[in-house]
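One-letter residues, chain by chain:
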Amino acid sequence: READIVVAAVGRARMVKADWLKDGAVVIDVGINSVDDPSAKRGYRLVGDVDYDACEAKCDKITPVPGGVGPMTIAMLLRNTVNGARRAAGI
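Caption draft 1: Representation of the pattern of salt bridges. This model, assessed by the stated rule, comprises three salt bridges. Between D51 and K17 there is a salt bridge, with the nearest N and O atoms lying 3.8 Å from each other. With D51 in the loop between β4 (44–47) and α1 (52–55) and K17 in the loop between β1 (5–8) and β2 (26–29), this residue pair connects regions lying 34 residues apart in the sequence. The class for D51 is buried, based on a relative accessible area of 17%. Between R45 and D37 there is a salt bridge whose closest N-O contact spans 3.2 Å. According to the relative accessible area criterion, R45 is partly exposed, its value standing at 38%. A relative accessible area of 14% places D37 in the buried class.

Here it is in structure tokens:
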């Protein structure tokens, strides 16, 4: 309840609750979990480790799941792959 920035990567759907967070905190939700959802086309939907609906109003900023840190992770993996290929080729 004192952290200004919270990075959630616990591997449990919606584990981090709003009362765990300080007002105005910045929350980075790294987790991705599937939960049953009969109304969804596939029968499930993706959620993070943070209870987004409960925490959104309390946070200054919060990353969504899906679509939050995933694109940045992919971009950095590609960057590191290109850098590794350059080093291997002596470029």
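Caption draft 2: Quick look at the pairing of strand β3 (residues 33–36). Burial of the side chains of β3 is restricted to one face: N33 and V35 are buried, whereas none of S34 and D36 on the reverse face is. Where β3 meets β4, four bridges bridge the pair, whose relative direction is antiparallel. Each residue of the ladder has a partner; that of D36, found in β4, is Y44.

Caption draft 3: Layout of the nonpolar core. If you look at the biggest cluster of nonpolar residues, it comprises ten residues: V6, A8, V16, A18, L21, V27, V50, C55, C59 and I62. The residues touching L21, leaving out its near neighbours within four places in the chain, are R1, V6, V16, V27, C55, K58 and C59.

Caption draft 4: View of the layout of surface pockets. Reported here for the largest pocket is a volume of approximately 160 Å³. Lining the largest pocket are 13 residues; nearest its centre among them are R14, R45, V47, G48 and Y52. Of all elements in the fold, only β4 and α1 reach the threshold of two or more residues within the lining of the largest pocket. The element that contributes the greatest number of residues to the lining of the largest pocket is β4, accounting for three residues. Of the residues belonging to the lining of the largest pocket, the class tally is six nonpolar, two polar and five charged.

Cut-off values and rules
Residues numbered from 1 in each chain as written. Predicted model: local features only at pLDDT ≥ 70, side-chain atom pairs only at ≥ 80, totals over all residues. Heavy atoms only, no water. Salt bridge = Lys/Arg side-chain N within 4 Å of Asp/Glu carboxyl O. Helix = DSSP H or I, 4+ residues; strand = E, 2+ residues; numbered from the N terminus. Buried < 20%, exposed > 50% of the residue type's maximum accessible area, 1.4 Å probe, protein only. Pairing = 2+ DSSP bridges. Core = buried A, V, L, I, M, F, W, Y, C linked by side-chain atoms within 4.5 Å. Contact = heavy atoms within 4.5 Å. 1 Å grid on protein atoms, 1.4 Å probe; cavity = no way out; pocket = protein on both sides within 12 Å on 5 of 7 lines; lining within 4 Å. Points joined across faces, edges and corners; volume = space filled by probe spheres on them. Nonpolar A, V, L, I, M, F, W, Y, C, P; charged D, E, K, R; others polar.

Keep in mind these values describe shape, not function.
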